[in-house]
Every structure is written in C-alpha cells, then in structure tokens.
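Fold and geometry: a report
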Amino acid sequence: SDVYKRQEYMGPQATFASKVEVDGQNLQVTREIDGGLMTVAMSLPAVVTCDLRLNQPRFATLPNIMKAKKKPLEEIDLSSFGIDLSNNLEILKVETPAARKGGVKVETVDELSLIHI
C-alpha cells in the first residue's frame, strides 16, 4: 500500500475571496473584513478560498436551453487521459450511527442550565 506524508503548504494564501483577478503569474484578491474590503496581491501558485459573493449565477434562457439540446456531446474514454482508475480503497467496516436522544423543550432560559446532556 502507498504511504502518503502530509505536507504543509507554505505558499501565498487568501481566504474569503469575494473577487479574484489574474494578471499573468500574479493575483489580486479582494476579501471581506470587518471594516470593509481588503485587496491583497500575491504570486501564483496560491491557495484561495471563496466567499459566497464570488459567484454571480447566470440563469439559462429558453432559447439557449434549446440550442444546447441540439449540440453534440463528445464522449471521451477516461483511459485516454493516462489516469490510473483502479480502486485503491479498502472498506474495513460500515456501521450505522448511534441513535440520538430525543430533544427537550424548555419554557425559560433558566431551565437550560438544569438540563444534563
């Protein structure tokens, strides 16, 4: 079996990105902070995590849906990519989770301190 060592990434990182601009081998990442927005610059490769506001969803129109139905769909054999597709996992056991206890309704906030979980 293969043994993998955990490696720590020591390169540039940006979290909660609300806007990402790529300029060659550099990134401009705008992120939300408590006081507003902060823009940081970094070089590639980098790790960037995204905020919900990064994605602007596009909604499909009926004419575009009809055009997409008419386009041919090319099927490519996965083996042509040169990737090992063999299963390298072994399932040791499968168990159902322990049953949860029922919830309790309380009338006041003071009663919460009396409940023992």
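Anything mentioned here points back to the structure above.
Described below are features of the structure shown in this document. (Residues numbered from 1 in each chain as written. Predicted model: local features only at pLDDT ≥ 70, side-chain atom pairs only at ≥ 80, totals over all residues. Heavy atoms only, no water.)

Examining the overall build of the chain
The helix and strand inventory of the chain stands at 1 helix and 4 strands. Along the first, second and third principal axes, the C-alpha set of the chain runs to 60 × 50 × 45 Å. Taking all contacts inside the chain whose residues are at least 6 apart in sequence as the whole, residues at least 24 apart take part in 37%. Counting every atom, the chain has about 11900 Å² of accessible surface; 56% of that belongs to carbon and sulfur. Each charge class in the chain can be summarised by its mean position, and for the 14 positive and 16 negative side chains these summaries are 7 Å apart. (Helix = DSSP H or I, 4+ residues; strand = E, 2+ residues; numbered from the N terminus. Contact = heavy atoms within 4.5 Å. Areas by Shrake-Rupley, 256 points an atom, 1.4 Å probe, with all protein chains shown as cover. Lys, Arg positive; Asp, Glu negative; His and termini not counted. Charge placed at Lys NZ, Arg CZ, Asp CG, Glu CD.)

Considering the pairing of strand E1 (residues 13-23)
Pairing of E1 with strand E4 (residues 47-50) involves 3 bridges; the strand directions are parallel. Each residue of the ladder has a partner; that of Ala14, found in E4, is Val48. Two elements, E1 and strand E2 (residues 26-33), share 6 bridges in a ladder whose sense is antiparallel. Within E2, the residue paired with Val20 across the bridge is Val29. As consecutive antiparallel partners, E1 and E2 are separated by 2 residues, and within that stretch Gly24 has a phi angle of approximately 70 degrees, a positive value. (Pairing = 2+ DSSP bridges.)

Re the sheet that holds E2
Sheet architecture is open: 4 strands sit in the order E3-E2-E1-E4, paired in mixed fashion. Looking at the sheet topology across the chains shown, the edges are occupied by strand E3 (36-43) and E4. Each strand axis lies, on average, 45 degrees off the axis of its neighbour in the sheet, ignoring direction. Relative to E3, E2 runs antiparallel, the two being bridged by 8 bridges. By the bridge assignment for E3, Leu27 is matched with Met42. (Axes fitted to C-alpha atoms, helices over the stretch in contact; angles between N-to-C directions.)

Everything listed here is a matter of geometry and, on its own, says nothing about what the molecule does.
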